[in-house]
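Now for the letters of each chain:
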Number of protein chains: 2
Amino acid sequence: MPKQTFFNLPEEKRQTIMRAAMEEFASAGYDLSSIQKIIKASDIPRGSFYQYFENKADLFGEVMVEITRRKMVYIRPVIDRDAEYGLFELMKELVKAGVEFGMCDPIAFQVAKGLSSSKTLDMVAFLNEYKKEIYQRNHITEESIYLAAIQNSLGRGEIDSRFSVETILAYTGKIMESMGELYWHHLAEYHDVHAGDHILDDMIHILRYGLSSNNLPGKEAGNHD
Amino acid sequence: MPKQTFFNLPEEKRQTIMRAAMEEFASAGYDLSSIQKIIKASDIPRGSFYQYFENKADLFGEVMVEITRRKMVYIRPVIDRDAEYGLFELMKELVKAGVEFGMCDPIAFQVAKGLSSSKTLDMVAFLNEYKKEIYQRNHITEESIYLAAIQNSLGRGEIDSRFSVETILAYTGKIMESMGELYWHHLAEYHDVHAGDHILDDMIHILRYGLSSNNLPGKEAGNHD
DNA sequence: TTGTCATATGACAGTAGTGTCATATGCAAA
DNA sequence: TTTGCATATGACACTACTGTCATATGACAA
């Protein structure tokens with residue numbers, strides 16, 4: 001956590017520092033970023049930096065808190081309606097929300113994206129600690145987002161009962177990642193906002209039919225409501 | 001490419017340097033690794049290092065060549081039989097081969113794993129160049145590995161014709177990655193060589209039925225050979 | 001023996017960064 | 001006006017690194 005001094009700063013100065021920090025983290029990644037660059041870009045003296053922050057990790061933590069705050073603007077509405085969604089719709093909406101975030105706030109998005117790189121021990125430890133805190137602060141857990149939807153879909157018979165909740169939970173995150181990356185890759189390649197839509201549709205299609213293999217029309221009679 | 005001097009070195013000395021380099025890259029990752037550490041660990045004077053290599057990237061390139069050589073020992077037999085496999089068997093076998101490699105040669109594996117992190121521009125550029133070269137050297141391309149199997153499976157009607165080869169190709173890599181990571185994660189967690197097997201089975205199951213949705217018994221008659 | 005060439009060596013200059021500290025500033029209270 | 005406190009400042013000492021270069025070594029060829 002930054003020191004109180006930082007929070008006492010006038011809004012504008014705080015913003016300047018945060019912006020400079022985000023740009024540095026976005027372009028260089030955590031490992032290669034330097035405090036030196038950040039203080040030059042935000043034009044604060046070296047001594048002041050240490051008046052505000054313990055060190056680079058401390059600043060980075062605050063940046064991540066800000067980024068999460070921003071991302072939540074896009075994600076929150078989807079999560080709040082998770083009971084209404086089946087798993088597949090939920091996943092689709094979450095990926096879409098993520099992409100929306102990435103397009104509206106590319107610098108913040110870039111920093112978050114860089115996180116999945118950088119597998120230093122320090123960084124892994126930080127991420128674990130950070131995730132716990134973030135989810136707590138937002139009154140959710142990574143699991144809780146999907147849990148309701150999975151049980152929902154299982155209950156409705158959309159998902160074959162051969163799969164355990166645990167198993168599905170394990171895939172969900174990884175597949176979300178893949179979908180996001182593919183979508184993003186398509187976007188970058190074709191410069192078309194909806195270029196990646198069919199990716200989502202196809203992946204969700206595969207998932208839906210793959211997970212429901214038992215319940216397809218014809219395999220079991222009278223299962224279509 | 002390292003300088004000729006390096007290749008003129010006695011086998012043993014070359015090995016020592018490569019081992020030290022791999023260990024450094026494995027533990028620190030490319031960005032945070034240092035030449036200094038490597039020359040201390042392999043006990044060669046600083047000047048000699050630059051007699052052998054242009055710089056860190058040069059050494060890293062050679063390390064990657066070595067790692068690929070080692071990994072190929074596990075992958076090659078599978079690739080050579082790709083015409084026999086359907087896409088799903090091929091993927092399964094490739095993931096298994098990858099895991100086998102990771103268990104037999106953890107340091108090399110760790111370096112390769114770290115690669116998918118480190119998204120510096122330099123690193124991305126290097127990877128593209130490197131991949132091209134490696135695949136050339138081994139007379140394959142990333143696509144060619146899966147292409148035959150995909151066409152195979154499409155031809156046999158195992159995959160719904162609604163999906164283009166292009167689309168399937170795009171997923172394949174990402175899904176392979178996810179499977180590998182999940183398998184590996186399970187292995188680490190349960191210390192059981194076959195703990196991840198059901199992950200593979202489940203994911204392949206989902207993929208198989210998801211991709212073949214049109215062709216399931218009952219949807220179209222007389223399609224089972 | 002002497003010359004030549006490849007290679008070995010480590011001191012060195014230079015760069016980029018970190019965290020600290022003595023001192024300065026400015027405001028508000030006594 | 002004086003004192004005290006929070007904050008500001010940048011010089012400084014330190015560390016970790018990189019790439020180069022003048023010089024040393026050793027083997028082989030003339």
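Preceding this section is the structure that the text describes.
Here the structure is a predicted model, which means the values were calculated and not measured.

## Quick look at helix α5 (residues 56-80) of chain B
All names here are of chain B. For α5, which comprises 25 residues, the first-to-last C-alpha distance of 34 Å matches the rise-based estimate of 36 Å (1.5 Å per residue) to within 8%. At Y74, α5 shows its strongest bend, of approximately 50°, with the proline P77 following within four residues. Backbone nitrogen of A57 and a side-chain oxygen of the N-cap are separated by 3.2 Å at the start of α5; the cap is N55.

## A word on empty space enclosed by the protein
For the structure shown, the criterion picks out 3 cavities of 30 Å³ or more. In this model, the largest cavity occupies a volume close to 140 Å³. Contributing elements (two or more residues each) for the lining of the largest cavity: α10 (165-190) and α11 (197-211) of chain A together with α10 (165-190) and α11 (197-211) of chain B. Partitioned by chemical class, the residues of the lining of the largest cavity number 8 nonpolar, 2 polar and no charged. The space that makes up the second largest cavity amounts to roughly 60 Å³. As for the second largest cavity, its lining consists of A:L87, A:M91, A:I168, A:Y171, A:T172, A:I175, A:L207, A:L211 and B:I206. Every element with two or more residues in the lining of the second largest cavity is listed here: α6 (87-104), α10 and α11 of chain A.

## Considering the environment of A:F53
Examined against the element boundaries, A:F53 turns out to sit in the loop between α4 (46-52) and α5 (56-80). Excluding residues within four positions of it along the chain, A:F53 makes contact with A:P2, A:K3, A:F6, A:I17, A:D58 and A:L59.

## Points about the packing of α5(B) against helix α6 (residues 87-104) of chain B
Residues and elements named next belong to chain B. Remark: α5 packs on α6, axes separated minimally by 9 Å, with the N-to-C direction vectors making an angle of 145°. Two packed elements cross with a definite hand, and for α5 against α6 that hand is right-handed. Touching I67, R70, K71, Y74, I75, V78 and I79 of α5 are L90, E93, L94, A97, G98, E100, F101 and C104, all from α6. Here the contact of α5 with α6 is composed, by residue class, of 10 nonpolar, 1 polar and 4 charged.

## Let's talk about the protein's contact with DNA strand D
Taken together, 16 residues surround DNA strand D, and among them A:N8, A:G47, A:Q51, B:I35 and B:Y50 come closest. By atom count, sugar and phosphate contribute 58% of the portion of DNA strand D lying within 4 Å of the protein. At 3.3 Å, a backbone N or O of A:G47 approaches a base nitrogen of DNA strand D. Counting residues per element, the ones that place at least two in the surface near DNA strand D are α1 (4-8) and α4 of chain A together with α3 (35-41) and α4 (46-52) of chain B. A per-element tally of the surface near DNA strand D places α4(A) first, with 5 residues. Of the residues in the surface near DNA strand D, the class split is 5 nonpolar, 7 polar and 4 charged.

What counts as what
- Residues numbered from 1 in each chain as written.
- Chains lettered and ligands numbered in written order.
- Predicted model: local features only at pLDDT ≥ 70, side-chain atom pairs only at ≥ 80, totals over all residues.
- Heavy atoms only, no water.
- Helix = DSSP H or I, 4+ residues; strand = E, 2+ residues; numbered from the N terminus.
- Expected span 1.5 Å × (residues − 1).
- Bend = angle between axes of the 7 residues up to and from the residue.
- Polar contact = N/O pair within 3.5 Å; in protein donor to acceptor, adjacent residues only side chain to side chain.
- 1 Å grid on protein atoms, 1.4 Å probe; cavity = no way out; pocket = protein on both sides within 12 Å on 5 of 7 lines; lining within 4 Å.
- Points joined across faces, edges and corners; volume = space filled by probe spheres on them.
- Nonpolar A, V, L, I, M, F, W, Y, C, P; charged D, E, K, R; others polar.
- Contact = heavy atoms within 4.5 Å.
- Axes fitted to C-alpha atoms, helices over the stretch in contact; angles between N-to-C directions.
- Left-handed = near helix turned anticlockwise from the far one by under 90°.
- Near = heavy atom within 4 Å.

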